[in-house]
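Coordinates in review
The residues making up each chain are set out below.
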Amino acid sequence: TVSPMLHENQERIRVDIPYAPAMIQKIRTVSGARWSAVHRCWHVPKTPDNWRTVKAYKNCFRQFIRHYDEIKPSQLTRKQIDDYVVGLIREKRISESHQNQILSAIKMFYAEVIQQEEKVRNIIRPKRPEKLPHVLSEAEVTRLLQATTNLKHRCLLMLIYSAGMRLGEALNLRVADLQPENHRIFIRAGKGKKDRCSILSEKIFAKLSEYFDVYRPVEWVFEGDQGGQYSARSVQKVFTMAKEQSKINPYATVHTLRHSFATHLLEKGVDLRYIQELLGHESSKTTEIYTHITRRGMDKIKSPLDDLEF
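Residues numbered from 1 in each chain as written. Predicted model: local features only at pLDDT ≥ 70, side-chain atom pairs only at ≥ 80, totals over all residues. Heavy atoms only, no water.

1. Some details on the layout of surface pockets
This is how it is decided: The method works on a 1 Å grid over the protein atoms by themselves. A cavity is a set of points holding a 1.4 Å probe that cannot get out, a pocket is an open set with protein on both sides within 12 Å along at least five of seven lines, and residues with an atom within 4 Å of a point line them. Grid points are joined across faces, edges and corners, and a volume is the space filled by probe spheres set on the points. Helix and strand definitions follow DSSP, with helices as H or I runs of at least four residues and strands as E runs of at least two, each counted in order from the N terminus. For this scheme, ten residues count as nonpolar: Ala, Val, Leu, Ile, Met, Phe, Trp, Tyr, Cys and Pro. Four count as charged, namely Asp, Glu, Lys and Arg, and the remainder, Gly too, count as polar.
Estimates place the volume of the second largest pocket at around 520 Å³. As for the second largest pocket, its lining consists of 18 residues, of which Leu 145, Tyr 161, Ser 162, Ser 201 and Lys 203 are closest to the centre. The element contributing the most residues to the lining of the second largest pocket is helix H5 (residues 138-147), with five residues. When its residues are assigned to classes, the lining of the second largest pocket shows eight nonpolar, five polar and five charged.

Shown next as structure tokens:
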């Protein structure tokens, strides 16, 4: 079970789980996870991402149990588990990521909570379709930023694009993480809970200096009106409004700025290995997707039709 709790005057998420090595190992991967000997429970920072993840897993398993309301979960068969997931795919056309979420919740329960691993062993997970990400042209990025007139909002979008950051990484950025003397940004606990550094553009730091004079943030680079971290939902609304006003690619999201950063660097001749490091990709194969998007050298390629005479 999960519930809000207060620990040392900080809002946390209480997670009550049965003892199982794999589950303990899983929760330890969450940044800031701690064990409370007093309350006899684990608790994690109450961040939007953590709260959404915990709630999603909880809701997935609750819906599964309700589907077979008159049967105890321990008495369900592998076929009934498979039938449930297949039914969701066919009737509700759930996405691959949602399928994975459901399967992970079910698998954890059977393998770690009630020790019936045989029911979920070798369970087939959906294969993600290999889709190329949307990327903005440099002209589109310019129009987007020009359409963002609010100083805080413009700084936020500029920073995400200029350093190839994820939205959560930008919101988790502290004032002390900016290192202008080294022209870099220290990004703490990015995806995979790994720290890394990225570029601190001179242009964005000049704009941030202006922003600091006006807004005077205390801890986080971007704070809400009442203090504390700025919300992801607010940033997404800002991006949507700027996107509509600037008439850029309607399918773009905040994350498109990160994809655009990588693609534009590749087009400027930056080595793929450096881009991999800046993005924090563990595997070079993840970064290589941008080689399928870049238009570098495309203008020099002639169609074979142009060499035909008829």
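2. Details of the pattern of salt bridges
Under the convention used in this document: Salt bridges are defined as contacts in which a side-chain nitrogen from Lys or Arg sits within 4 Å of a carboxyl oxygen from Asp or Glu. Buried means the residue's accessible area, taken with a 1.4 Å probe over protein chains only, is under 20% of the maximum for its type, while exposed means over 50%, and partly exposed covers the values in between.
Evaluation of the coordinates by the stated rule reveals nine salt bridges. Across the pair Arg 188 and Asp 177 runs a salt bridge whose closest N-O atoms are separated by 2.7 Å. Here Asp 177 lies in the loop between helix H7 (167-171) and strand S5 (178-179) and Arg 188 lies in the loop between strand S6 (184-187) and strand S7 (196-199), a separation of eleven residues in the sequence. We classify Arg 188 as partly exposed; its relative accessible area is 42%. The partner of Glu 210 in a salt bridge is Lys 207, and the shortest N-O contact between them spans 3.6 Å. Here Lys 207 and Glu 210 lie together in helix H8 (residues 202-215), a separation of three residues that amounts to about one turn. Under the relative-accessibility criterion, Glu 210 is labelled partly exposed at 40%. For Lys 207, a relative accessible area of 21% gives the class partly exposed.

3. A look at unusual backbone geometry
With phi around 55°, Gln 115 is a residue other than glycine that occupies positive phi space. Assignment of secondary structure puts Gln 115 in the loop between helix H4 (96-113) and H5. The backbone of Arg 216 shows a phi angle near 50°, a positive value even though the residue is not glycine. With respect to the helices and strands, the residue Arg 216 is situated in the loop between H8 and helix H9 (232-246).

4. What about the packing of aromatic side chains?
To keep things clear, this is the line we draw: The pairing test for Phe, Tyr and Trp rings, Trp by its six-membered ring, is centres within 6.5 Å, and the orientation test on the planes gives stacked under 30 degrees, edge-to-face over 60, and tilted for anything in between.
Under the criterion given, the structure shown has nine aromatic pairs. Consider the rings of Phe 64 and Tyr 68, whose centres lie 6.0 Å apart with planes at 80°: the pair is edge-to-face. Seen from their ring centres, Tyr 211 and Tyr 215 are 5.0 Å apart, and the 35° between their planes marks the pair as tilted. A residue pair is termed a helical-turn pair when its members lie 3 or 4 positions apart in one helix, as Tyr 211 and Tyr 215 do in helix H8 at four residues. The structure contains a cluster of three or more aromatic residues connected by ring pairs, namely Phe 61, Phe 64, Tyr 68, Tyr 84, Phe 109 and Tyr 110.

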